[in-house]
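Below are the chains, spelled out letter by letter.
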Amino acid sequence: MKFFKFVLAAIMVCSGFSAYAYNIDGFFSTAYEVSKDKGESTEGMWENYLSIDNAKLYDPYLGFNFYGRFATDSEEDSDSQSDVYSAYLDYNSFQNAVEVKAGRFAYIGNRFLTLDGALATVRTDYKFGVTAFAGKPQYFDADGRHINEKFRETGDKMYGGRVFLNGVKDTTGYVSYSKEYDSDITYQEFAGIGLGRVFALSGKNLLSIDAKGEYDMEENNFYRGSIRAYLKRDALRLIAEGSKYNVKDGTNYQDILIISNFSTGQEEKMALTVQYAVTENFSPYFTVVSSKIEQESGDIVDGQIYKFGADFDWFKTSGVTANIEGYYYDSETANAKGASAALDWSLTKQFRLTFEGETLRLENYASEDSIYSLYADAEYDIMKDLTLSIYAENSQETRYLPENRYGVKAVYSF
């Protein structure tokens, strides 16, 4: 009954905006999923998502944005599970000189952390702009595939701002400040800086450099940051990057299994990738990574990762793009060999297949010596705005992925 109330509310919202707004974009999805983890009984879950993308209440200045979830499981006495990931009014003046958000919205550069409050941005004609925000922070897990994320605790209040470059050709930059606190403690107080530049070389060749970081003013240390240099010269690609971060601050769990499975979430790494496009369809690459990860024991473990892989692109001729990769991990506590593959295949304009898989073999570790994850999805456009898909996933001994699940999903775009 609650599900039908949610659908009815979604239809009323969409109909209301269609009647009074100049345009509305978004989607409504409904899915039924069956899952079973080790030692647990089989569960069924009905999940529904509604997204409204900048519905114009007063075109072109005032819009409304919404993204929310309503779900119920198969237990008769279970409570419904609802989350509103974002719901805010968005005002933009002529040429976006002034932008104001009010409501619940994603924090700058973090799709998991939201603010219940307001944000205002002013862009000037003098090559800079200013953003200020204030609100109550809260984490939401809006990633439908990963599970068991352990976000850090948040304070009751957060405010800050940044001054950034505006309209400077091929250059970005900013300085920022933020403070998160409650009545008893300051959770985070950061001063940040970022700078990026794209250098045009001969022809279509280019060099881009981007760096950003945040200094913890409470602990007096460098908390997180990243630097990346990308060189494209004819068929050659060079990527050098370094980063320091903690996934509990809302970073996706998209690292290789040997890292995501055995770390607490804190990692430092330096990496160099060399890729060469042998043909327009085949681009092999080699990556070497030096990493420091914090394990559950509290130890900081040094490790090296050596990756060999290739990207394939036959989209124009066969509708296929793919990637294969193998890697070797060497550290003080464990060695491992891993491999991964990914495939996207558009068999027709309406019918698409997706496959992702990774396997890992530990060589000298006390726990399980084999780990893997598999995911497959088949998607078909029944009509222009309606898509039906079926999916399945099977994993073993992965920390942030479900063990067994499969389901069917329908998405209506409007």
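The sections below set out a description of the structure shown in this document.

Its place among the elements puts A55 in strand 2 (residues 43–58). Through-space distance from the C-alpha of A55 to that of I24 is 4.4 Å; in sequence the pair is 31 residues apart.

Moving on: the side chain of S389. Along the chain, S389 falls in strand 21 (residues 386–396). Since its relative accessible area comes to 7%, S389 is described here as buried. The contacts of S389, once residues within four sequence positions are left out, are D377, A378, E379, G407, V408 and K409.

This part covers the pairing of strand 11 (residues 206–216). Pairing of strand 10 (residues 186–200) with strand 11, which is carried by eleven bridges, proceeds in the antiparallel orientation. Within strand 11, the position partnered with G192 by the bridge is E214. One ladder, built from eleven bridges, connects strand 11 with strand 12 (residues 221–233); its direction is antiparallel. Counterpart to Y215 in the pairing with strand 12 is F222. Turn length for the strand 11-strand 12 hairpin, with the two strands adjacent in sequence and antiparallel, is four residues, and the turn residue N220 shows positive phi of about 55 degrees.

Now for the packing of aromatic side chains. The final tally for this structure, using the stated rule, is 17 aromatic pairs. Their ring planes at 5 degrees and their centres at 4.7 Å tell us that Y139 and F151 sit as a pair that is stacked. With Y139 in strand 7 (residues 128–139) and F151 in the loop between strand 7 and strand 8 (157–165), the pair connects residues that are twelve residues apart, well separated along the chain. Residue F151 is classed as partly exposed on the basis of its relative accessible area, which comes to 22%. Here the aromatic cluster, defined as three or more aromatic residues joined through ring pairs, consists of F27, Y49, Y67, Y85 and F140. If you follow R111 out to its NZ or CZ, it ends over the ring of F112, 4.9 Å from the centre. The lysine or arginine in question, K179, covers the ring of Y181, its NZ or CZ lying 5.5 Å from the ring centre.

About the cut-offs
- Residues numbered from 1 in each chain as written.
- Predicted model: local features only at pLDDT ≥ 70, side-chain atom pairs only at ≥ 80, totals over all residues.
- Heavy atoms only, no water.
- Helix = DSSP H or I, 4+ residues; strand = E, 2+ residues; numbered from the N terminus.
- Buried < 20%, exposed > 50% of the residue type's maximum accessible area, 1.4 Å probe, protein only.
- Contact = heavy atoms within 4.5 Å.
- Pairing = 2+ DSSP bridges.
- Phe/Tyr/Trp six-rings, centres within 6.5 Å; stacked < 30°, edge-to-face > 60°.
- Lys NZ or Arg CZ within 6 Å of the ring centre and 35° of its normal.

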